[in-house]
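Observations on the three-dimensional arrangement
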Amino acid sequence: MTSHEELDCPHGARCGGCFFLGVPYPEELVKKQGLVRRAFERYEEHAALAIDAVAGASRTVAYRVRGKLVCDEDGAVGLFARDSHDVVDIPECRVLAPALSRVAAAARKLLASAATSLDGLDLRLVDRGVLVTLIARRGTPSTLLAAFSLALCAESSEVVGVAASFRDPRAAKLLGTGHVVLFGNDVEAHHLSSTAPYHFAAHGAFTQVHLGQAERAHRAIEAELRKRDARRVLELYAGSAALSLRLAAAGFELTAVEAYGPALAHAERAARAQNLRLTTISARSEDATQELARQNARFDAVIVNPPRRGLSREVRRALAELAPRVIVYMSCDPATLARDLSHLGVLGFAAGVISPFDMIPHSDAVECLVA
């Protein structure tokens, strides 16, 4: 399928996974640019701000390297139906990477006769195969989950690691807590591209689901830093530090901030193994930026890629105290980006062109990069 064809899916009539199902891809990109424009039109100060056309993906099927799938007691493995919590079985999903589809098929086969049921599966592609997280109800015996993990590994040689997470059935989020590794390693190496260093992927950890688009955005960030001659770089919300490791390999001096300590420990391990220089700070971005400002730390650039809620007021004010030459902001929510850029403008940071990226083709999500 080329980027100019519509997505043809046998599950589309019921599955709620693809918002733009049946819409020609060029038209989808125009609609996504409209979503960005409407977010910024709420602010008079953004009236003259230029917004690029959405950078479309060259691959719009079989691209997702991570998938969170829900399960039901009848053995269905898929997604919720539109406006419902009924599970739609999606054995022919068009957007999952082939390896994820094959592992999901193996799990579907086992669940049809398994002694235990699951609330869901979190599947993540890595260099050696697929990491699987079994999402179970709190209280599910670990012996049953261990038996299921062994059966899944026997059914699919592509499974390189299995963990379990446990959730309350009333929880809003599908992925649970209290991860327990049942098979394989707790992390696996993963290259986002053939030219970038690897980072360590953990069970259930965030990743951009489209590798080609992630590489495209990372190249744009690196180009912006070089254009600004920004060598000393602070990255907030660094996660597994895939971007920080890439920039460190390209010769930048990186400090990565992440609140989740284990993620930074894995980043430090990846840096050591690849002889990369990486400074890490395990703290909330609010605390780290305020402390760095008190220390009069100086950075040429700060990269931020916050959760959907955007930057807190405390982070925005601390960024003004740090006074980098440029803030490179990657956002998964145009509405909170527009709000944050409005405040950052008051604090002295003028926004350049908004560059949207289609990170999740056929969804209603769009990411924006601005410096």
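Everything in this summary refers to the structure shown in the same document. (Residues numbered from 1 in each chain as written. Predicted model: local features only at pLDDT ≥ 70, side-chain atom pairs only at ≥ 80, totals over all residues. Heavy atoms only, no water.)

What to know about the packing of helix H2 (residues 98-111) against helix H3 (residues 142-155)
Operational definition: Here the axes come from fitting lines to C-alpha atoms, over the contacting stretch only for helices, and the angles between their N-to-C directions go from 0 to 180 degrees. Helix numbering and strand numbering both begin at the N terminus, where a helix is a DSSP run of H or I of at least 4 residues and a strand a DSSP run of E of at least 2. Here the angle decides the label: under 35 degrees means roughly parallel, over 145 means roughly antiparallel, 65 to 115 means roughly perpendicular, and every other value means oblique. Handedness of a crossing is defined here by the sense of rotation of the near helix relative to the far one, left-handed for an anticlockwise turn of less than a right angle and right-handed for a clockwise turn. The contact criterion used is simple: two residues touch if any of their non-hydrogen atoms lie within 4.5 Å.
In the contact formed by H2 and H3, the axes pass within 9 Å of each other and the chain directions differ by 130 degrees. One finds that H2 runs oblique with respect to H3. Two packed elements cross with a definite hand, and for H2 against H3 that hand is right-handed. In this structure, H2 uses Val103, Ala106, Ala107, Lys109, Leu110 and Leu111 to contact H3, whose residues at the interface are Phe148, Ala151, Leu152 and Glu155.

Examining the packing of helix H4 (residues 211-227) against helix H5 (residues 242-249)
The condition that has to hold: Lys, Arg, Asp and Glu make up the charged group, whereas Ala, Val, Leu, Ile, Met, Phe, Trp, Tyr, Cys and Pro make up the nonpolar group; the residues left over, Gly among them, are polar.
Between H4 and H5, whose axes approach to 11 Å, the crossing angle comes to 50 degrees. Judged by the angle between their axes, H4 and H5 are oblique. Two packed elements cross with a definite hand, and for H4 against H5 that hand is right-handed. Every residue of H5 that contacts H4 at Glu215, His218, Arg219, Ile221, Glu222 and Leu225 is listed here: Leu243, Arg246 and Leu247. Per-class residue counts for the contact of H4 with H5 are four nonpolar, one polar and four charged.

A short note on the packing of aromatic side chains
Spelled out, the test is: In summary, the pairing rule links any two rings of Phe, Tyr or Trp, Trp by its six-membered ring, whose centres are within 6.5 Å, and it sorts them by plane angle into stacked for under 30 degrees, edge-to-face for over 60 and tilted for everything else. Exposure classes here rest on a 1.4 Å probe applied to the protein chains alone. A residue is buried below 20% of its type maximum, exposed above 50%, and partly exposed in between.
Across all of its chains, the model carries two aromatic pairs by this definition. Where phenylalanine 19 meets phenylalanine 20, the ring centres are 4.9 Å apart and the plane angle is 80 degrees; that geometry is what we call edge-to-face. You can call phenylalanine 19 exposed: its relative accessible area is 56%. By relative accessible area, which is 5% here, phenylalanine 20 ends up buried.

A word on the environment of glutamate 158
Convention followed: Residues adjacent in sequence count toward polar contacts only when both atoms are side-chain atoms; beyond that, a polar contact is any pair of N or O atoms within 3.5 Å, and within protein one must be able to donate a hydrogen and the other to accept it.
You can see glutamate 158 is positioned in the loop between H3 and strand E6 (159-167). Put simply, glutamate 158 and alanine 99 are 59 residues apart on the chain and 7.2 Å apart in space, counted from C-alpha to C-alpha. Excluding its chain neighbours within four sequence positions, the residues that come into contact with glutamate 158 are Ala99, Arg102, Val103, Gly129 and Val130. Within the structure, glutamate 158 has its side chain in polar contact with the side chain of arginine 102 (distance 2.7 Å).

Notes on the sheet that holds strand E12 (residues 278-282)
So the rule is basically this: By this definition, two strands are paired if DSSP reports at least two bridges between them.
An order of E12-E11-E10-E13-E14-E16-E15 is seen for the seven strands of this open sheet, with the pairing classed as mixed. Each of the sheet's edge strands pairs with one partner strand only, and the pair in question is E12 and strand E15 (355-357). Neighbour-to-neighbour, the strand axes of this sheet turn through a mean angle of 15 degrees, independent of strand direction. As paired elements, strand E13 (residues 301-304) and strand E14 (residues 326-331) share four bridges and run parallel to each other. Within E14, the residue paired with isoleucine 303 across the bridge is valine 328. Against the sheet, helix H6 (residues 261-273) engages strand E11 (253-258) and E12, with an angle of about 170 degrees to E12.

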